[in-house]
Each structure stands twice: as structure tokens, then as C-alpha cells.
Amino acid sequence: MTMTKGTRLEVDLSALAHNYFYLKSKIPKDSLFMSVVKANAYGHGSVRIAQKLQELGTDYFATAYVHEAVELRDHEIIKPILVLHPQQHELEECIKRCIEPVIYSVPMLEAFSAFAKAEDQQNYPIHLEFNTGLNRIGMDPEELDQVLKFLKSHPEVKVKGVQSHLAASEDLEERSFTENQISLFESLAKALENALGYPIIKHESNTSGILNYKNAHFNMVRSGIGLYGFGNDPVHDQHLKPLASLKSNISQIRSIGAGATVSYNRQFKAEGPMTYAVVALGHGDGVNRIYGHGRLQVFVQGKPAPTLGIICMDMFMIDITGIQAQVGEEVVIFDTKQHTARQMAENAGTISYELLTGIQKRVPRVYLP
Ligand SMILES: *Cc1c(COP(=O)(O)O)cnc(C)c1O
């Protein structure tokens, strides 16, 4: 019987090292490795994760927003940081904290250059993003000439890299679409590089791009989910190690009889005598309401216990009929081995990314070396 010190997300930093070296072994020796630590490092805690990755030797970091990058700068992260989705109001802050923005529109290029000029910058490093089929952010390939013309008269900025993002790198049925994205990016990046007259960093692959498309590695890759142990495919998952285990404990055990209902709106009704336990975790911690009504099984003494009825903000109830449990005893929601975050998410129709990034600040992160 394992007693606990409360709800926590355990994060295994040795698994992070394993994943980092595994993913690096898949790319050419001279390609750079960018570690994506946006959204609190996919819920794992961006400061500790970035510090570990810096120690391991990552070449670059990426966040989505500037304030996420600033937090890293405030905690001894000195490697280059690229911001993938900077917002207009954050652009000036980039320059102050030596953060590289992805520029994804012509007006944004103009706005950023104006800030760089006002701050007396020369050759401030930027990355350009072109849309090649995801239809999210990015400039159209047709805008390349306009961009080049602008750059000629604006020495305050300098293109350090060019990127695009794959729409379906994890879905091999979309191979021909992806190959098309890769060749479009390749010719665009070459044209840009030729026109600039100096080498730039070309990057297009996320984790699944690294694992499925060798021809999309170019001279840098951007990996997020793979570092955290998931490869979007059982074949790749075999080689990666999840970092995170979500654990909580039982706060109360109660017995009820036939006809009694459990939780808000009375959506679970007992058919006979049963015992339930209350778990000290809820949707306020990131276990969303989608996991109610038995769509999640947690583990008590290694035995499965399904959720009963609606998930509350601070707690949910599980069926422990037949399990001799005690108050304070450990409840495992997901672990790094048999019952991973990926499995839990997929059982409820979502993905590991969403479950992990949704683990709230209220859940303490506990790091294992
Ligand atoms: C989030 C993100 C990544 C990382 O993707 P994974 O699938 O987690 O490896 C890479 N590039 C961009 C532009 C992203 O937004």
C-alpha cells in the first residue's frame, strides 16, 4: 500500500535525456536541434525542462509567445530562443531580451523592423514562416519577392532562418501531401537563400517529421512531443520514454446503497451496494469533464477504478468496490509505463498534447533526476 504526499505530476528527467539523444540520433550530425518548450514545456514545467535540455546541449529553444521566452531568459537560459507565434504587442520585448521572432506576415515584418530600427539594431535575427499547406500562420510563397525587396532596404533585420510547418507528418496516408509540402519548402528556402547570398537555417520538421520524413530534416528540426516521450505512433513510442506520471490520493471512502447517485446532477446511479473513493484532483487541475462517467480508469494498488459521474473542480469519485483501500492511499491517474497520458487521452477521444498541457499550475511538479 503506497501512501502519498498529495497530488503531483512526477517528471523523470532521465527519460528526457533518453528522448533527446534518441531524437538527435535520427537527424544528421550537422543539423541543429530545437527543443520546443511552449505551454509550460507541454505541462512538464518549462524552466526545469529547459535547464535540463540546455545542460544536455540543445542548440535552440522555441516557445509560442514572447512572455514564455522571457521566463526562460529570467532563469539562466542563454541559448537562442525562437518565438513561434509572437503577437504584435510583444514584438518590442523580443529585442530587449535577445529573443528571435518568427515573422509570419509582411505587416509584421514592417512592424518588427520599425522596432529594431528604433532600438538602433543592425542585423537583428529573424525567422520567416511560409505557409506550404497547413493554412495556419505564414506568408504565401508568392510574397517572397515583396519580402526580399523590403529586406534590401532594411539592414536593421537579418534573416537567420526560414520555416514552414507540416500539416500531417504523423499520418502516413497523407504522405503525398506532406512530400509536396517538403518540396515546396525546399525550393522556396533555396530561392530565399540564393537571393540573400548567405546560408540560413531551414527548418520544417516537428517530432513526426523527424521520425517519418528524413528529407524534411534540413539543417534544424523542432521537437516537442517526442522530448516528452510520445511519437504519435506506437512504432515510435517503443523507443521513447514518457516523463510524466500524474498521481493523487484518496481523501475519503464511503459506501452507498442501490439507488443512491454520485456527483453533480445525479448522473451515476448505484445499482447495488458499492464503495466509492474521492480523489483529490479535478477539472481545476486539468482532469477535464470529458473523463467522467467511466471514460477514465485510475489505479489503486494497481487495480483499475473507473470514474463515477461528473468530474468536479477539485475532486472526482471512483468505484473501489472490492478494493481494500485507505484514506491517503496513492491513486495513479497515468504513469510512464502501462497507463500513459497518451492512452488516457486516446481513451477519451483526445491527444496526449492536450492532456499534458492542460495539467494546471495547482498540481506541483516533482522532478526525479
Ligand atoms: C508546437 C510546434 C512544434 C512541435 O511539434 P511536436 O509535434 O510537438 O514535435 C514544431 N513547430 C511548430 C511551428 C509548432 O507550433
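For the structure, see preceding data.
All values reported here derive from a predicted model rather than from experimental measurement.

A. Expanded view of a negative patch on the surface. A cluster of acidic residues, Glu170, Asp171, Glu173 and Glu174, forms a negative patch on the protein surface. As for its position among the elements, aspartate 171 is in the loop between strand E7 (157–163) and helix H8 (175–196).

B. Quick peek at the packing of aromatic side chains. With the rule as written, the count across this model stands at six aromatic pairs. Their ring planes at 70° and their centres at 5.1 Å tell us that tyrosine 20 and phenylalanine 21 sit as a pair that is edge-to-face. Taken together, Tyr20, Phe21 and Phe33 form an aromatic cluster joined through their ring pairs. Here the guanidinium or amino end of lysine 158 rests over the ring plane of tyrosine 198, the centre of that ring lying 4.4 Å away.

C. Layout of the pairing of strand E5 (residues 100–103). Every second residue of E5 is oriented toward a common face, with Glu100 and Val102 on one face and Pro101 and Ile103 on the other, all of them buried. As defined by bridge partners, strand E4 (residues 81–83) adjoins E5 across two bridges and the pair is classed as parallel. The residue bridging valine 83 from the neighbouring strand is proline 101, located in E5. In this region the chain leaves E4, passes through helix H5 (residues 91–96) and returns to the parallel neighbour E5; the handedness of that crossover is right-handed. With two bridges connecting them, E5 and strand E6 (residues 124–129) associate as parallel partners. The residue bridging valine 102 from the neighbouring strand is histidine 127, located in E6. Each parallel crossover has a hand, and the one from E5 via helix H6 (residues 106–118) to E6 is right-handed.

Conventions adopted
- Residues numbered from 1 in each chain as written.
- Predicted model: local features only at pLDDT ≥ 70, side-chain atom pairs only at ≥ 80, totals over all residues.
- Heavy atoms only, no water.
- Patch = residues over 30% accessible without salt bridge, like charges linked within 9 Å, V, L, I, M, F, W, Y side chains within 5 Å.
- Areas by Shrake-Rupley, 256 points an atom, 1.4 Å probe, with all protein chains shown as cover.
- Salt bridge = Lys/Arg side-chain N within 4 Å of Asp/Glu carboxyl O.
- Lys, Arg positive; Asp, Glu negative; His and termini not counted.
- Charge placed at Lys NZ, Arg CZ, Asp CG, Glu CD.
- Helix = DSSP H or I, 4+ residues; strand = E, 2+ residues; numbered from the N terminus.
- Phe/Tyr/Trp six-rings, centres within 6.5 Å; stacked < 30°, edge-to-face > 60°.
- Lys NZ or Arg CZ within 6 Å of the ring centre and 35° of its normal.
- Buried < 20%, exposed > 50% of the residue type's maximum accessible area, 1.4 Å probe, protein only.
- Pairing = 2+ DSSP bridges.
- Right-handed = clockwise from strand over helix to strand, strands pointing away.

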